[in-house]
Amino acid sequence: MRLRTIMLLTALTSAAAAAPPAPAGTSPTADRKPGDYPLTADSLPQPNVPKGKLEGPFEFRSHIIANTVRRYWIYVPAQYKPEKPASLLVFQDGQRATNPEGSLRVPQVLENLIAKGAIPVTIGVFITPGNTIKPGPGGDKYPDDLGMKNPDHRAQEYDALDDTYARFLTEEMLPEVAKRYRLSEDPEQHAIGGTSSGAICAFTVAWQRPNAFRKVISMIGSYTSIGFKPAQNGQPLVPGGDLYPGLIRKSPLRPMKIFLQDGSNDLNNEHGNWFLANQQMLSALEWANAEADRKQTPGPRYQVNHVWGDGAHSDQHGGSLLPEILRWMWQK
C-alpha cells in the first residue's frame, strides 16, 4: 500500500531528523538501538499553539463493571465551541496516555494537530482500567499510589472479547462526558485506541459496537490468549484474543478503520507471540477484504494500515507514530 510506505518513510525520516548529529565518518543512525523512536515536533509543546485544558482526574464507579473504581481525564481543545459537536478520541490506560513525560502524550498531539487543521476539533477521553473496591475506609477510592501502574481489574476488562466494556463506555462513561460537552453522534467521528491490552480492548469496542466507534488505533496489541479460561467446574470455555483472526475471517465485515503497530522484538511468552499475533490480525483483515471483493459482496470493507518496527513491548514506537496515525484516521 502506497500510504503505508509513505507513513513508514515519514516515521524513519522524522526519527533520523530528531537524532543527535553523528560523529564524522559514521552513519547518522549508527548509534541507534532497536526500539529507539524519538518523538517528533507534533508530540511536543509548540509556540503559538492555542492551549486546551486537561480536566481531571475524576473518579467513576461503574454499575456495569460492578465493584470497581477508575479515573478519567477529559481533554478539551481551545477551539471547542458548544454549538458545534466535537469529534471524539477515547484512549485506554489514561494514566499513561496523559503523562506529559511519557511516550504517548496524546493531549499534546491533539493540541498540535487540531491547531494545524490536520484533524477536526476533538475531545479526548482518557480512562484507567478499574481497580477493585476494597472493604474498609477509603476502599472505594482509586489508589493514589498506583501512579503509572496497572489497576488490578485491567485484564478482566481489557482482554475480554464480550461487550461488557463496550457497554460501560457507551452506556455510562460517554453519557457522563456528554453532560459537560457536546460530542458528535456520527460513529465516523469516534476513534478509540490503546496500547497492549488497551489496544485489543479498543478493537473489541469497535467490533462489538461499530455503530458507536469506527476508528481503531492499536499499538503493540495483545491479540493473544491472556483472557483465555478453560472449561471447568461446569463453566464454559472463555476464549482469548488469539481468536480474533478466525473471527475476522468468518464474520461479516464491519465498517472499521484500523491502524496496527508492533515490533519484531515484542513479547513471546505463555500467552502467545505478540508480533506474530499482530501479523495474523493484518492478514485476516486483508483476506476478509479480498474475499468480499472476490465474491462481489456488497457492504463495507476494512480500511487497514500498519507499521512494523523493531521495538519491544513498549509505547515508544507507537508514540512516535501517533501524529501520523491520527492524520490517517481522519483522512478521507
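Scope of this entry: the structure provided in the associated data block.

Basis of the calculations
- Residues numbered from 1 in each chain as written.
- Predicted model: local features only at pLDDT ≥ 70, side-chain atom pairs only at ≥ 80, totals over all residues.
- Heavy atoms only, no water.
- Helix = DSSP H or I, 4+ residues; strand = E, 2+ residues; numbered from the N terminus.
- Polar contact = N/O pair within 3.5 Å; in protein donor to acceptor, adjacent residues only side chain to side chain.
- Buried < 20%, exposed > 50% of the residue type's maximum accessible area, 1.4 Å probe, protein only.
- Pairing = 2+ DSSP bridges.
- Right-handed = clockwise from strand over helix to strand, strands pointing away.

**Things to note about the environment of Q208**
In this fold, Q208 is placed in helix α6 (residues 197–208). Measuring from C-alpha to C-alpha, the distance between Q208 and A166 comes to 6.9 Å, with 42 residues separating the pair along the chain. One polar contact links the side chain of Q208 to the main-chain carbonyl oxygen of L161, over a distance of 2.8 Å.

**Description of the pairing of strand β2 (residues 68–76)**
A large share of β2 lies buried, amounting to 9 of its 9 residues. Alternating residues of β2 divide into T68, R70, Y72, I74 and V76 and V69, R71, W73 and Y75, and every residue in both groups is buried. The antiparallel pairing of strand β1 (residues 53–61) with β2 creates a hairpin that spans 6 residues between the two strands, and N67 there sits at a positive phi of about 65°. Pairing between β2 and strand β5 (residues 131–132): 2 bridges, direction antiparallel. What sits directly across from V69, in β5, is N131.

**What about the pairing of strand β8 (residues 257–263)?**
The buried count for β8 comes to 7 of 7 residues, which makes it a mostly enclosed element. Burial along β8 is two-sided: the residues K257, F259, Q261 and G263 and I258, L260 and D262 are all buried. A crossover links strand β7 (residues 215–219) with its parallel partner β8, the connecting element being helix α7 (residues 244–250), and its sense is right-handed. The sheet contact formed by β8 and strand β11 (residues 303–309) spans 7 bridges and is parallel. Looking at the pairing, G263 lines up with G309 of β11.

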